[in-house]
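Fold and geometry: a report
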Amino acid sequence: MSATSATSKVVTEGGALSHVNFRVRCETLGHGEAVYLVEEGDASMQKIIPLYTTAAAYPWYHTLQPLTIGLPRNEQDLKNPNNHYFRYRYAVHRGGKFHRYENESDAPSQKDVGGDSDTAMDIGSEDDEKNDDLIVYHQMPLRLFANRESYVVNDVLGKTTGPPDIDHIRLETHTSEGRTSSIASMHSRNASFGQSTSFTGISNKGSTSTLKPASSARKKAVGFAPPPPPYHRPKAAAALQNIHLNSTDGLVVVSAFLPVVLHRTDAGKWSADWDYEALLSMQTHLRVTRIGVVKWRGWHGNFGMTDKKHASPEAAGVPVNERHLVDECLRPFNCVPVWMDTKVFGEMYNGFCKSVLWPVLHNVTSVYSTQKDLKEKNPGGDFQNSDQEQFSEVSMDDVEKGPIHGGHGRERELWSAYNTVNRKFAEVVVQHFNEGDLVWINGFHLLILPSYLTRRIPMAKVGIFLHTPFPSSEIFRTLWCREDLLRGMLNADQVGFHLFEYARHFLTCCRRLLGLNYGMIPDASGGHTLAIDTNGRHVAVTSIHAGIEPHVLNQVVDHVSTKAEAATIRSRFHGKTVFLAIDRLESLKGIPLKLLALQNFLKQYPEYVGKIILIQIGISAFERGSDYDQTKNEVEQLVKRINDKWPGSIQFQECSESNMRLQQRMVLMRAADVVVVTPIRDGLNLLPLEFTMAHHDALTPAGLADKRKRGLCILSEFASCTRVMRGALHVNPWKVSELATSFHQALTMTDDERTRRVQCSIEFVSRVTTQRWALAVLMDLKGVQKSHNPIQYSGAGLGLGYRILGMDVGFVSLDFSKVAKAFKNARSRLILLDYGGTITANDNLDSLYRFKMVKERKTHSNPTGAMINTIKELCADKKNTVFVVSGKERHSLTKLLGDIPRLGLAAEHGMFISWPTPKASEKRQWETLVPITDTTWRALASAVMEVYTSRTHGSYIEETEMKVLWQYRDADLEFGYVQARELEDHLSNVLRSFPVDILHGGVQEGGYVEVRPKGVNKGMLAMKVIKNFPSLSQVNKVEFALVLGDDHCDEPMLSVMRQIGRRVTDARLLKKGDDPLPDLPASLTLVDVSGCDDYLAPNLEVFTCTVGKKPSAAANYLRDVTEVQELLDALKKAASRDQKYYSAVNLQDFSQENTAVQNTLHRFDNTLAGASIKRHSSLGSLSSGVGMYGSDQKVSANLGEYLGGFDDVAEEDDNIFF
């Protein structure tokens, strides 16, 4: 069975031969399965050849060594047809034993080979075809091989038709060493090929091969994938990557309920089956772990239902002492049950999800108490019931009777249960998560689950998909827990919806309630993805509608019992057109509207009385409480009224969900001619898709033979599938007359129009399957650009306010000791401090406070006395050059900080500069960063802004000496942003001839449009300060720089200084011959800082820091203004310690002319002698420089070098002031 001994039966001694390696693409192999090559005639499998794969090469399997295949030697051999081909097939072994041969279901369809991924996740049948006569072999024409040459044959498991794909490996020599080298190159090629291919399509091998043939002859193009046209990618696209899913990918699917059905015998034995009706029950080749609550006796957690049969909590859920048996039962299904208290889960599901979230997600507000609640609060009150009886579901279109919203009382208990269940799910997910797995959450029951997962596994790619609608922001904002729910969803990396309409509402909620921006961003594959920008992260938003599994439904529809029962129903209503409706008994399904429309239709068209019948199936919805009772009563009354007037027009029947499974539904759908689905608001509803598949043969000759006009759908425009079922009749259920007209249109439609509509519906249902939907969503999730380095993602916030911040790698809290050490070693230091948010509280955080400052000239918040004293002491040190850089006006800074000697001030983002003055009594002199030549643009800008202020409520104009600013932070976010964009364009045209910059700050930056002189920002100011440094300091070059800021206005200064520091560091490393540092983050805006080179010391240390843990151009962060105070105090103490304490060894560095130091040393020695204390060897002859270790001992040249040699001691000393 070894590959080395394998030769073809055609080989004869001394004959021609070729060396062939085999590669086969296997996408359907499961865990523990292997593939072998079997030659024709080797039925006993004595010469099978194993094929191997690696993580990089998967799904390609290859032989380790080439097979030696004999070629026909002469004309006599060619006369034998069996010698024209080498025939073989592949066998699949499981657990080391033969399992089956390859079959057609193993291969992707031709559509998939072309690049479509519709059926890429289909699992092939495992029927063993052990009859050799039924097996189709791969056959390889031997005429394509040359003597003593090497080849690679590329196959696809299960695909035996068409010519093989052969690569000719031309060898320069035929020595064993040369062939070994060629084979090694070939295996290298295999690995690279595997990385560039996927199960979604076969890539062109020529574009990924690393093997270079010695000859320029073109290889035989006989492959199953035609080579694509030549395409040269631009250099910028070199980093793009192909996103693929294969069996090595792990997937954790989380849903409220597991897609399995449990059975228990009287003897206590448990068994399980897949619930094929569940959307997530699809089978795939991925390594899937499903997590959820199990269903048994209806469903686990049915405590609290209004149905008397299920009122006992003891009857709900799996018994505690048998849960371990259920665990073992579900283990082969890779399903992990989540066990919890039945009452808690019932409160979460029935109480919070169905009573609070469900109405809101379906655009229904809960603003009125029920009549029952009013009577309980006013037992003696007199209430009239006549209006209540008429105030039916038809008129209460936007009012949901239920608990009043608010975070107290009963709703707080339900919210607590919701949190408890999500927390329990998070524990189970973390236990079964493996690094690299995708986590896919499904359903609105687990909206805050990502918040709990990001704390434990921040590196995981988490997606959440909602199968319900998402309401507009005006409805969603009525929830008291709205921010917690939105932040929970945004802690995922991808949020999915079935329709873009729902995604648009979600985006609007994030913008209006959280102030976040969204837009299209480049993705890893070269396209663009809709995403929300939150805390330095991008959360992808996907909208893909789900489908059904046609092959599963076809099996049910074509079953003999289904056809027989459908024929029985047809015989009962012979000669009638059967309309079918299957709905849950709740107000959102719009059943009363449908019945009223039928009533109007029969009134308007009496000739159809007795010719049509509506079969209305009502599924009990006990969890909806009073809504279910009211809807049921109203439906029964309408049915009775219509049947009394037109007998036999409606057949209404109520049943439980367990009695209306897929088999029962398909019988009714097969018997019906038209299906009517008219909800007033609905999410995923697969009933129209199932009905279309039930009549998939309606357009075939056999289907047309029964003369039935069947297969048409009447759909409400408020159902999600309306957007994809283009062949259906779309109606507005609120317009009863239009709905009644649709009945008549369905009955009188021409055959040509019906054919086109049915064909359109069948095309969509057949093409968009559940597996294609899941594949598309998971591909988007895997394509999310997320670093596996947990340092890049940092958590912030408490409780459900916890969120993940996307940081640059290495973005950590500022190390005080490192800053202090560099501060002590430097002879010239530059300190740049922002004002608001850095050395004092930020006034911009409060919109009302800022408006008062602008309109009433209210004073800004002032720095504390301790902060001012610290700044004064830092300025007193002649080694320091300190600047306060603010966006405020000159008079404000002068009033607050103008009396501090040697303090530089920069007002209005650096436009006005006051250089440090040695005396406080001197009047501040100001100069401008750029020359002011023409200010007529200010009047023009103000006039244009006045127009937008008059039509944008909540906006106002702010003018300073330098800029004119239009604020819309208090306006409606969406309208204000639109107006700001229009204003920006308007100003660009009006002021195009003026030297000004027009800046637009988004909602997160405060919401403004600003016009300022061109080239004014804090980054340009920092460069100007450095260029003027020789006139500000005793040393001409900067050796230490500390830059502190807190908001977007400080980012240019932080970015410029960080680039300056990196430029000096790179030059230092280059001089030493060390490797350069990694590139700066792409978020930094690169500018030319080379003009500062002459003013920078080679040993310059730059520290950039933002206040607040948030994405920034800075390299480090401080948490708040208090930490800024602590840092500056530490530097102040470091400076004072530097002047006060001296080392005896360090004193020899001082000049001999310094008499004060010489006297100090003389007195120090005399003191030691007078006290008869033995002098330590380190206090020996300072002039000789010889210590106890001899003349070769190195003496520190300065204090910095001395301290640098005693790191441990320095750390202990640092604790004095840290």
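For the structure, see preceding data.
Residues numbered from 1 in each chain as written. Predicted model: local features only at pLDDT ≥ 70, side-chain atom pairs only at ≥ 80, totals over all residues. Heavy atoms only, no water.

1. What about the overall build of the chain?
Each helix and strand counted, the chain has 34 helices and 42 strands in total. When burial is assessed residue by residue, the chain has 53% of its 1218 residues classed as buried. Considering only contacts within the chain whose residues lie at least 6 apart along the sequence, 73% involve residues at least 24 apart. Here the chain displays about 55,600 Å² of accessible surface, and carbon together with sulfur accounts for 51% of that area. (Helix = DSSP H or I, 4+ residues; strand = E, 2+ residues; numbered from the N terminus. Buried < 20%, exposed > 50% of the residue type's maximum accessible area, 1.4 Å probe, protein only. Contact = heavy atoms within 4.5 Å. Areas by Shrake-Rupley, 256 points an atom, 1.4 Å probe, with all protein chains shown as cover.)

2. Section: the sheet that holds strand β17 (residues 461-465)
Taken in spatial order, the 9 strands make up an open sheet running β15-β14-β11-β16-β17-β18-β21-β20-β19, and their pairing is mixed. Looking along the sheet, the strands with just one partner apiece sit at the ends: β15 (335-337) and β19 (517-522). Mean inter-strand twist for the sheet, computed between neighbouring axes without regard to direction, equals 25 degrees. Helix-sheet contacts for helix α9 (residues 449-456) involve β11 (250-257), β16 (438-442) and β17, and the interaxial angle to β16 is about 160 degrees. (Pairing = 2+ DSSP bridges. Axes fitted to C-alpha atoms, helices over the stretch in contact; angles between N-to-C directions.)

3. Section: the packing of helix α29 (residues 1018-1027) against helix α30 (residues 1051-1072)
When two helices pack together, their arrangement is given by the angle between the helix axes and the distance between those axes. Packing of α29 against α30 brings their axes to within 6 Å, and their N-to-C directions diverge by 45 degrees. Judged by the angle between their axes, α29 and α30 are oblique. Both α29 and α30 take part in a crossing whose hand is right-handed. Touching K1018, G1019, A1022, M1023 and I1026 of α29 are P1052, M1053, V1056, M1057 and I1060, all from α30. Here the contact of α29 with α30 is built from residues that sort into 8 nonpolar, 1 polar and 1 charged. (Parallel < 35°, antiparallel > 145°, perpendicular 65-115°, else oblique. Left-handed = near helix turned anticlockwise from the far one by under 90°. Nonpolar A, V, L, I, M, F, W, Y, C, P; charged D, E, K, R; others polar.)

4. Things to note about the pairing of strand β21 (residues 537-543)
When a strand is regular, its side chains alternate between the sheet's two faces. β21 sits mainly inside the fold: 5 of its 7 residues count as buried. Sheet analysis places strand β18 (residues 494-497) next to β21, joined by 4 bridges and oriented parallel. By the bridge assignment for β21, V495 is matched with V541. One ladder, built from 4 bridges, connects strand β20 (residues 528-534) with β21; its direction is antiparallel. Pairing of A531 across the sheet is with A540, part of β21. The hairpin formed by β20 and β21 contains 2 residues between the paired strands, and N535 there has a positive phi angle of roughly 55 degrees.

5. A short note on the side chain of T840
Looking at where T840 falls in the secondary structure, it is placed in the loop between β31 (829-834) and α24 (847-856). Apart from the residues lying within four places of it in its own chain, the contact partners of T840 are Y835, S861, N862, P863 and V1121.

6. Overview of the packing of helix α17 (residues 662-671) against helix α18 (residues 687-694)
Remark: α17 packs on α18, axes separated minimally by 9 Å, with the N-to-C direction vectors making an angle of 60 degrees. The pairing of α17 with α18 is recorded here as oblique in orientation. Taken as a pair, α17 and α18 cross one another with a handedness that is right-handed. For the pair formed by α17 and α18, the contact residues are L662, R665, M666, M669 and R670 on the first element and L687, E690, F691 and A694 on the second.

7. Section: the sheet that holds strand β38 (residues 996-1001)
Hydrogen bonding along the main chain pairs the strands of a sheet, whether they run parallel or antiparallel. Read from one edge to the other, the open sheet built from 4 strands follows the order β36-β37-β39-β38, with strand pairing classed as antiparallel. Sheet topology places β36 (956-959) and β38 at the edges, where each strand pairs with a single neighbour. On average, each strand axis in the sheet is tilted by 15 degrees relative to the strand beside it, whichever way the strands run. Sheet analysis places β38 next to strand β39 (residues 1008-1013), joined by 6 bridges and oriented antiparallel.

8. Remarks on the nonpolar core
Ranked by size, the top nonpolar core spans 108 residues in total, and within it F470 and F506 carry the most contacts. For F470, the contacting residues outside a window of four places in its chain are L361, F476, L486, M489, F497, Y502, H505, F506, C509 and R681. Core analysis: the next-biggest nonpolar cluster, separate from the first, contains 70 residues, L903, V1025, A1041 and L1100 among them. (Core = buried A, V, L, I, M, F, W, Y, C linked by side-chain atoms within 4.5 Å.)

9. Considerations on the pattern of salt bridges
Side chains that differ in charge, positive against negative, can pair when their charged atoms come close. Tallied over the full model, the rule gives 40 salt bridges. With its nearest N and O atoms 2.9 Å apart, the salt bridge here joins R670 to D697. With R670 in helix α17 and D697 in the loop between α18 and α19 (701-704), the pair connects residues that are 27 residues apart, well separated along the chain. Look at D697 and you get buried, because its relative accessible area is 17%. R827 is the partner of E1039 in a salt bridge, and the nearest nitrogen-oxygen pair spans 2.9 Å. Of the two residues, E1039 sits in strand β40 (residues 1038-1045) while R827 sits in the loop between α23 (816-825) and β31, which places them 212 residues apart along the sequence. By relative accessible area, E1039 is classed as buried at 7%. (Salt bridge = Lys/Arg side-chain N within 4 Å of Asp/Glu carboxyl O.)

10. So, the pairing of strand β32 (residues 880-885)
The buried fraction of β32 amounts to 6 of the 6 residues, a majority that puts the element mostly inside the structure. Residues N880, V882 and V884 of β32 are buried on one face, and the alternating residues T881, F883 and V885, pointing to the opposite face, are buried as well. Of the pairings in the sheet, the one linking β31 to β32 comprises 6 bridges and is parallel in character. Opposite L832, over in β32, you have F883 as the bridge partner. The sheet contact formed by β32 and strand β33 (residues 903-907) spans 4 bridges and is parallel. Across the sheet, V882 pairs through a bridge with L903, a residue of β33. Following the backbone out of β32, through helix α26 (residues 890-897) and into the adjacent parallel β33, one traces a crossover that is right-handed. (Right-handed = clockwise from strand over helix to strand, strands pointing away.)

11. Regarding helix α12 (residues 500-514)
Think of an α-helix as turning once every 3.6 residues; residues three or four places apart then point the same way. Across its 15 residues, α12 extends 20 Å between first and last C-alpha, which sits within 8% of the 21 Å expected from 1.5 Å per residue. The element α12 is largely enclosed, with a buried count of 11 among its 15 residues. Two residues or fewer past α12, G515 is found with a positive phi of approximately 70 degrees. (Expected span 1.5 Å × (residues − 1).)

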